[in-house]
Amino acid sequence: MNATENERRQTAQGIWQRLRDVLITPLVRGVARLFSSEPGARPVEPASTGDSGIDSLPAVFLAAAVLDPLYIFDRNAEILYANEAADRAFGPVATGASLRLKFRAPEMHALVNTAAAGSEEPVAINYAERVPVERAYRVVASRIGNDTGLFVLLFKDQSEARRIDRMRADFIANASHELRTPLASIAGFIETLRGPARDDAVARENFLQIMHNQTQRMARLIDDLLSLSRLEMKPYLKPGGQVDIARLVEGVIEAMRHLAGESGVVIESAFPAKPILVAGNPDELVQVFENLLENACKYGGSGGRVLVSAEQASPLDEVRLTVRDFGPGIAEEHIPRITERFYRVDVETSRAQKGTGLGLSIVKHILTRHDARLSVKSKPGKGAAFTVHFPPVPPAVQSSGQ
Ligand code: ADP
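Since the model is a prediction, treat every value here as computed from it, not as a measurement.

A. Spotlight on helix H10 (residues 245–262). Taking 1.5 Å as the rise per residue, H10 with 18 residues should run 26 Å; its terminal C-alpha atoms sit 26 Å apart, in good agreement. A bend of about 45 degrees at Met256 is the largest found in H10. Every buried residue belonging to H10 is among Ile245, Ala246, Leu248, Val249, Val252, Ile253, Met256 and Ala260, and all of these are buried. For H10, the side-chain oxygen to backbone nitrogen distance between the N-cap and Ala246 is 3.2 Å, and the N-cap itself is Asp244. Immediately downstream of H10, the backbone of Gly264 shows phi near 70 degrees, a positive value.

B. Looking closely at the packing of aromatic side chains. Under the defined criterion, the tally for this structure stands at 12 aromatic pairs. An angle of 85 degrees between the planes, with centres 6.0 Å apart, marks the rings of Phe103 and Tyr127 as edge-to-face. Placement of Phe103 in the loop between helix H6 (99–102) and helix H7 (106–116) and of Tyr127 in strand S3 (residues 123–129) is noted, with a sequence separation of 24 residues between them. Just as Phe103 is buried, Tyr127 falls in that class too. Across from the ring centre of Phe326, 4.3 Å away, lies the NZ or CZ of Arg305, which sits over that ring.

C. Highlighting the environment of Val323. Along the chain, the position of Val323 falls in strand S10 (residues 319–325). Along the sequence, Val323 and Val308 sit 15 residues apart, while their C-alpha atoms lie 4.6 Å from each other. Those residues in contact with Val323 that sit more than four places away from it in its chain are Phe289, Leu292, Leu293, Ala296, Val306, Leu307, Val308, Ala384, Ala385 and Phe386.

D. Fine view of the pairing of strand S11 (residues 373–378). Relative to strand S12 (residues 384–390), S11 runs antiparallel, the two sharing six bridges. Bridging from a neighbouring strand, Val376 pairs with Phe386 of S12.

E. Looking closely at the pattern of salt bridges. Summed over all chains, the structure comprises 20 salt bridges. The shortest N-O distance in the salt bridge between Asp157 and Arg135 comes to 2.7 Å. Taken as a pair, Asp157 in strand S5 (residues 150–157) and Arg135 in strand S4 (residues 135–144) lie far apart in primary sequence, 22 residues in all. Residue class for Arg135 comes out partly exposed when judged on its relative accessible area of 30%.

F. Summary view of the sheet that holds S10. On the basis of which strands lie adjacent, the open sheet formed by five strands has the order S7-S9-S10-S12-S11 and mixed pairing. Edge strands, defined here as strands with exactly one partner in the open sheet, are strand S7 (266–270) and S11. With strand direction ignored, the average angle separating the axes of adjacent strands in the sheet is 15 degrees. Sitting on the sheet, H10 is in contact with S7, strand S9 (305–311), S10 and S12, with an inclination near 170 degrees to S7.

G. Examining H7 more closely. Of all the positions in H7, only Met108, Leu111, Val112, Ala115 and Ala116 are classed as buried. Buried residues along H7 cover an arc of 125 degrees about the axis, so they all sit on one side. Two residues or fewer after H7 comes Gly118, characterised by a positive phi angle close to 105 degrees.

H. Region of interest: unusual backbone geometry. Backbone geometry at Lys354 places phi at a positive 65 degrees, although glycine is not the residue there. Within the secondary structure layout, Lys354 lies in the loop between helix H12 (347–352) and helix H13 (359–369). With a phi close to 60 degrees, Asp371 is a non-glycine residue in the positive phi region. Residue placement: Asp371 occurs in the loop between H13 and S11.

Rules used in this analysis
- Residues numbered from 1 in each chain as written.
- Predicted model: local features only at pLDDT ≥ 70, side-chain atom pairs only at ≥ 80, totals over all residues.
- Heavy atoms only, no water.
- Helix = DSSP H or I, 4+ residues; strand = E, 2+ residues; numbered from the N terminus.
- Expected span 1.5 Å × (residues − 1).
- Bend = angle between axes of the 7 residues up to and from the residue.
- Buried < 20%, exposed > 50% of the residue type's maximum accessible area, 1.4 Å probe, protein only.
- Polar contact = N/O pair within 3.5 Å; in protein donor to acceptor, adjacent residues only side chain to side chain.
- Phe/Tyr/Trp six-rings, centres within 6.5 Å; stacked < 30°, edge-to-face > 60°.
- Lys NZ or Arg CZ within 6 Å of the ring centre and 35° of its normal.
- Contact = heavy atoms within 4.5 Å.
- Pairing = 2+ DSSP bridges.
- Salt bridge = Lys/Arg side-chain N within 4 Å of Asp/Glu carboxyl O.
- Axes fitted to C-alpha atoms, helices over the stretch in contact; angles between N-to-C directions.
- Arc of directions from axis to C-beta.

That's the geometry; what it means functionally is another story.
Written as structure tokens, this is what we have:
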């Protein structure tokens, strides 16, 4: 009976004994290395153990404390230990089960084989699980100590990072597309003005007006993109100060009367006379209500009127501001998506109304910074109601407002 067979026959108790006696420091070093960036990175030396008690700490405690799925396996790819995160992510396994049967993907076999063959450096692959939900992992295998014959397999879940990468790539593609369209139109008109329309004064005036509109569209888009990026740079910085939100919205309504008149819309408001205080930054809150009122006039203008109301049942209740229009409304399936960047129910209508597709996304960002939220109720043909919910300012902290 050779040494490996002997080793395999050890009881689970014996393995843990061995892990505890021999492997504490190498495992600490191995786990520390796995959490350093990538294979090949300089291993982090464990702190001097001194009399901290780490020498008597069972290795399995350390492995169990790791929040990412982790397996310890031997040269035969038999699983000696799986932590709770591994059981949760991939289902429980019996001690001694084969890692190669547990993970059948060829790239996992190659990874395990390379590690078990004695690779000095940790080895890593990208690995995807498709069921029950799609998840992407960076999987690292590294040996524990020089001659223990034991190895660690650690899964780092990268799904969220990948999702954010994809969103960023989509965002850049969308923003470029939005800018390229007016740019292409301007370039086309310049060509026409240099060529066929060179001596046509009427056409020239007409084309210059279109070019002017297109440059304005690009400027609006850049303004909105800058607003979004400014907000993203300080997402958790809570705006200080208190604002009488009823007076602030009345000011926005006054400023919007002109646009409303152009869309044939009358804005009505129903506000209590006393101040309604919320915590926040007045400039950002003006931007929120400008966007909501502008949308109500642009998209709900056919209803002829927009109603803005404010309510707070008691000083301890949330403050609700609602902008309601009586236009075509928004079909249910679009409502969850309208605050996404560049999402429009109808691209042509939005463009015709000088929309950038970023307005409600800016609104959502600002409200999140204010611990506030937006809710939308709409029935096609019956208009749309956008309600902003602010948390109450406890009376004890209320200053005189502004
Ligand atoms: P846009 O710049 O296109 O106006 P927004 O982010 O402000 O972008 O709005 C996203 C989309 O939501 C709009 O393109 C429009 O389709 C829809 N929408 C917003 N407000 C209303 C409303 N009051 N009535 C109907 N549709 C609306």
